[in-house]
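Chain residues, written in single-letter form:
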Amino acid sequence: LAKTTQPISMDSYEGQEVNITCSHNNIATNDYITWYQQFPSQGPRFIIQGYKTKVTNEVASLFIPADRKSSTLSLPRVSLSDTAVYYCLVGDGVFNKFYFGSGTKLNVKP
Amino acid sequence: SAVISQKPSRDICQRGTSLTIQCQVDSQVTMMFWYRQQPGQSLTLIATANQGSEATYESGFVIDKFPISRPNLTFSTLTVSNMSPEDSSIYLCSVEQRESYNEQFFGPGTRLTVL
């Protein structure tokens, strides 16, 4: 399984763009990269997923370089409600093998 | 997206007893998973609940300790057997729908405290 490494915590201010990078040096060919958001006392919530290059949806962008050994979640113009833990997940959907990273606690300040 | 409910939402149990956690989904799903999340920690996959066959367990988790059932495409149970305080954790059910390949939807979790 490809293990992941993320910063333990990050601070930001409202309105700023936040970039959280996840390292996954041993990522396998079948693995996808998925990011989840988790608020206290709730289950994780899907944010975005990608395999390579760049993916964008209504809430975030995901940048994956050609070697796929890392990925960066970009949150544009964060608000206080974006304060949460963000998990990088490298998973093999074919064999159902998933590894959640340790998570990055994002604290958005006014 | 799938709506997932878990019962109970929380429980306090005595050492040596067992607790069965239920996971109900509002639609048929292809895959169901069980995770454990210890306080302040990340999620660890316990097993994949297979419909009509034995669950597939991850390293460090065994069927005798965490028996799992999945009688149909919308329901699964996880039992935590012969509990000890080290089993105190949040247990989460997640599902993956055929049309959302690799995207998991999580239940709210069951907070278990073992005394």
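The preceding data block contains the structure.
As a starting point, this report considers the structure included with it. (Residues numbered from 1 in each chain as written. Chains lettered and ligands numbered in written order. Predicted model: local features only at pLDDT ≥ 70, side-chain atom pairs only at ≥ 80, totals over all residues. Heavy atoms only, no water.)

1. Quick word on the packing of aromatic side chains
Note on aromatic pairs: each is described by the distance of the centres and the angle between the planes.
For step 1, the next point in the chain: Enumeration according to the criterion identifies ten aromatic pairs over all chains in this entry.
For step 2, the next point in the chain: Ring centres 5.4 Å apart and planes at 50 degrees place the aromatic pair Tyr 35 of chain B and Phe 106 of chain B in the tilted group. On the criterion of sequence distance, the pair formed by Tyr 35 of chain B in strand β4 (residues 31-37) and Phe 106 of chain B in strand β10 (residues 104-106) is long-range, its members being 71 residues apart. Comparing Tyr 35 of chain B with Phe 106 of chain B shows no difference in burial state: the two are buried.
For step 3, the next point in the chain: Ring pairs connect the aromatic residues Tyr 36, Phe 46, Tyr 87 and Phe 100 of chain A together with Tyr 35 and Phe 106 of chain B, which therefore count as one cluster. (Phe/Tyr/Trp six-rings, centres within 6.5 Å; stacked < 30°, edge-to-face > 60°. Helix = DSSP H or I, 4+ residues; strand = E, 2+ residues; numbered from the N terminus. Buried < 20%, exposed > 50% of the residue type's maximum accessible area, 1.4 Å probe, protein only.)

2. As for the pairing of strand β3 (residues 19-25) of chain B
All names here are of chain B.
For step 1, the next point in the chain: Of the two faces of β3, only one is covered, namely that formed by Leu 19, Ile 21, Cys 23 and Val 25; the face formed by Thr 20, Gln 22 and Gln 24 stays uncovered.
For step 2, the next point in the chain: When strand β1 (residues 4-7) meets β3, the two strands line up antiparallel, connected through four bridges. Of the residues in β3, the one forming a bridge with Ser 5 is Gln 24. (Pairing = 2+ DSSP bridges.)

3. Section: the pattern of salt bridges
For step 1, the next point in the chain: Counting across every chain of the model gives two salt bridges over all chains.
For step 2, the next point in the chain: Of the charged contacts, one joins Asp 11 of chain A and Lys 109 of chain A as a salt bridge, the two residues approaching to 3.7 Å between their closest N and O atoms. On the criterion of sequence distance, the pair formed by Asp 11 of chain A in strand β1 (residues 9-13) and Lys 109 of chain A in strand β10 (residues 104-109) is long-range, its members being 98 residues apart.
For step 3, the next point in the chain: On the basis of relative accessible area, Asp 11 of chain A is assigned to the exposed category, the value being 54%.
For step 4, the next point in the chain: The residue Lys 65 of chain B makes a salt bridge to Asp 87 of chain B at a minimum N-O spacing of 2.6 Å. Linking Lys 65 of chain B in the loop between β6 (56-57) and β7 (68-72) with Asp 87 of chain B in the loop between β8 (75-80) and β9 (89-96), this pair joins segments that are 22 residues apart in sequence. (Salt bridge = Lys/Arg side-chain N within 4 Å of Asp/Glu carboxyl O.)

4. Regarding the interface of chain A and chain B
One frequent convention defines the size of an interface as the accessible area lost when the parts assemble.
For step 1, the next point in the chain: Of the residues lining the interface, 21 residues belong to chain A; the matching set on chain B comes to 20 residues.
For step 2, the next point in the chain: Summing the contributions of chain A and of chain B, the shared interface buries around 1,600 Å²; its carbon and sulfur component is 49%.
For step 3, the next point in the chain: Where chain A meets chain B, there are zero salt bridges.
For step 4, the next point in the chain: Run the count over chain A and chain B and you get five residue pairs in polar contact (both at pLDDT 80 or more).
For step 5, the next point in the chain: Taken together, the elements giving at least two residues each to the side of chain A that touches chain B come down to β3 (31-38), β4 (45-50), β8 (84-92) and β9 (97-100) of chain A.
For step 6, the next point in the chain: Sorting elements by how many residues they give to the side of chain A that touches chain B places β3 of chain A first, with four residues. (Contact = heavy atoms within 4.5 Å. Buried area = accessible area lost by both parts, 1.4 Å probe. Polar contact = N/O pair within 3.5 Å; in protein donor to acceptor, adjacent residues only side chain to side chain.)

Nothing here speaks to function; it is all geometry.
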